[in-house]
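# Per-entry structural report
Now for the letters of each chain:
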Amino acid sequence: MDLETVADELYGLRPDEFTSARDARAAEARAAGDRTLAGKIGKLRRPSLSAWASNLLVREQPEETESLLRLGEGLRQAHRDLDGSQLRDLSRQQHVVINELSRQARRLADQAGHPISDSAQHEVETILHAVLADTGAAEEWATGRLVKAFDGVAGFPAAAEGARPRPAKPTPRPAKATPRRESKRDAARAKADQEHRRRLEKARQEAEAAERDLKAREDEAAQADRQADDAQSQADTLQQRVSELTEELRRLEKEQQQTETAVRKARDEARSADRGVREARRRAKSATERVRRLTADESHA
């Protein structure tokens, strides 16, 4: 038994099966004398519903997972290069892919016997957005062991590293140029530079807008995740209390059964003793009567 194998097994289970299975594996490690491994296993956190559904995508849809990772690489490169045309094309593709994958995650959750809500599906979309924007998030998601939605994921490289236009290819110069041709060429270059700056500024604005939208979604997801954690903690506490009360009820029912058995036994013994008393009383009366008769016969003699 090792941590990687156990973690891979646990994060493939449904969330409601996670805790009991984790505790069982930790107990096995302790019984085998490996307290260090037991401690590490015990620290594994149960995934939120959105993280679990995202893990299902990685485990059940490897081709779609690889496609999303490639799309993320393309988007991050386009943001670094501030390639407006490629950004628009990839952004349209991004929305289509994320919507489809979030629906697939919900279907997989239904098939696994643990449906997710609309809010959880929205969290799945937030996770997928983070996977596209951040290399670290993409690597963590690709393990299939995500615990919760990402907090504070960095934006696309363009916003983080600043705007750097892609270097233009050098324009071959003619062997000879008249002053008039040179003037026309300078004007064309000036116009091309102006157009390039315009496109660059537009790409920068689009990148900043995408960064703001991502940050807003991340904040919403973080708040929802905190609320889900609080609700899950309360649910776990109540479940523990229910288990304790159920166990106490079983114990009391067992004691009641034992008491009722003891009462029946005592009543049976009391009835048996009462019959013994009546029989002894009858024999005593009979013996007394015989003594009386013998005494009377002796006095007549």
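Residues numbered from 1 in each chain as written. Predicted model: local features only at pLDDT ≥ 70, side-chain atom pairs only at ≥ 80, totals over all residues. Heavy atoms only, no water.

### A look at the overall build of the chain
Scanning the chain for helices and strands turns up 10 helices and zero strands. Starting at the N terminus and ending at the C terminus, the chain contains elements arranged as α-α-α-α-α-α-α-α-α-α. Split into buried and exposed, the 301 residues of the chain put 28% on the buried side. Sequence separation of 24 or more characterises 72% of the internal contacts of the chain that already satisfy a separation of 6 or more. For the chain, the accessible area works out to roughly 19800 Å², and carbon and sulfur atoms hold 50% of it. (Helix = DSSP H or I, 4+ residues; strand = E, 2+ residues; numbered from the N terminus. Buried < 20%, exposed > 50% of the residue type's maximum accessible area, 1.4 Å probe, protein only. Contact = heavy atoms within 4.5 Å. Areas by Shrake-Rupley, 256 points an atom, 1.4 Å probe, with all protein chains shown as cover.)

### Side note on the packing of aromatic side chains
Using the criterion set out here, one finds one aromatic pair in the structure. Judged by centre distance (5.2 Å) and plane angle (50°), the ring pair of tyrosine 11 and phenylalanine 18 falls under tilted. In this structure, tyrosine 11 and phenylalanine 18 share a single accessibility class: buried. (Phe/Tyr/Trp six-rings, centres within 6.5 Å; stacked < 30°, edge-to-face > 60°.)

### Side note on the nonpolar core
Counting 31 residues, the largest nonpolar core has Leu57, Leu68, Ile127, Leu128, Val131, Trp141 and Phe150 as its most contacted members. Residue assignment for this core shows that the elements contributing at least two residues are helix H4 (49-60), helix H5 (62-81), helix H6 (84-111), helix H7 (118-133) and helix H8 (135-142). The residues touching tryptophan 141, leaving out its near neighbours within four places in the chain, are Ser54, Leu57, Val58, Thr65, Leu68, Leu69, Ile127, Leu128, Val131, Leu146 and Phe150. Core analysis: the next-biggest nonpolar cluster, separate from the first, contains 12 residues, Ala7, Tyr11, Ala29 and Ile41 among them. (Core = buried A, V, L, I, M, F, W, Y, C linked by side-chain atoms within 4.5 Å.)

### A short note on helix H3 (residues 35-42)
Among the residues of H3, Leu37, Ala38 and Ile41 are the ones counted as buried. Down the axis of H3, the buried side of the element spans an arc of 100°, and every buried residue falls inside it. The exposed residues of H3 that point more than 90 degrees off its buried face are Arg35 and Thr36. On the buried face of H3, the contacting elements are helix H1 (3-10) and helix H2 (15-31). (Arc of directions from axis to C-beta.)

### Points about the packing of H2 against H3
Where H2 contacts H3, the axes come no closer than 7 Å and their chain directions differ by 170°. Judged by the inter-axis angle, H2 sits roughly antiparallel to H3. Taking contact as the criterion, the partners of Arg22, Arg25, Ala26, Ala29 and Arg30 in H2 are, on H3, Arg35, Leu37, Ala38, Ile41 and Gly42. The residue makeup of the contact of H2 with H3, split by class, is five nonpolar, one polar and four charged. (Axes fitted to C-alpha atoms, helices over the stretch in contact; angles between N-to-C directions. Parallel < 35°, antiparallel > 145°, perpendicular 65-115°, else oblique. Nonpolar A, V, L, I, M, F, W, Y, C, P; charged D, E, K, R; others polar.)

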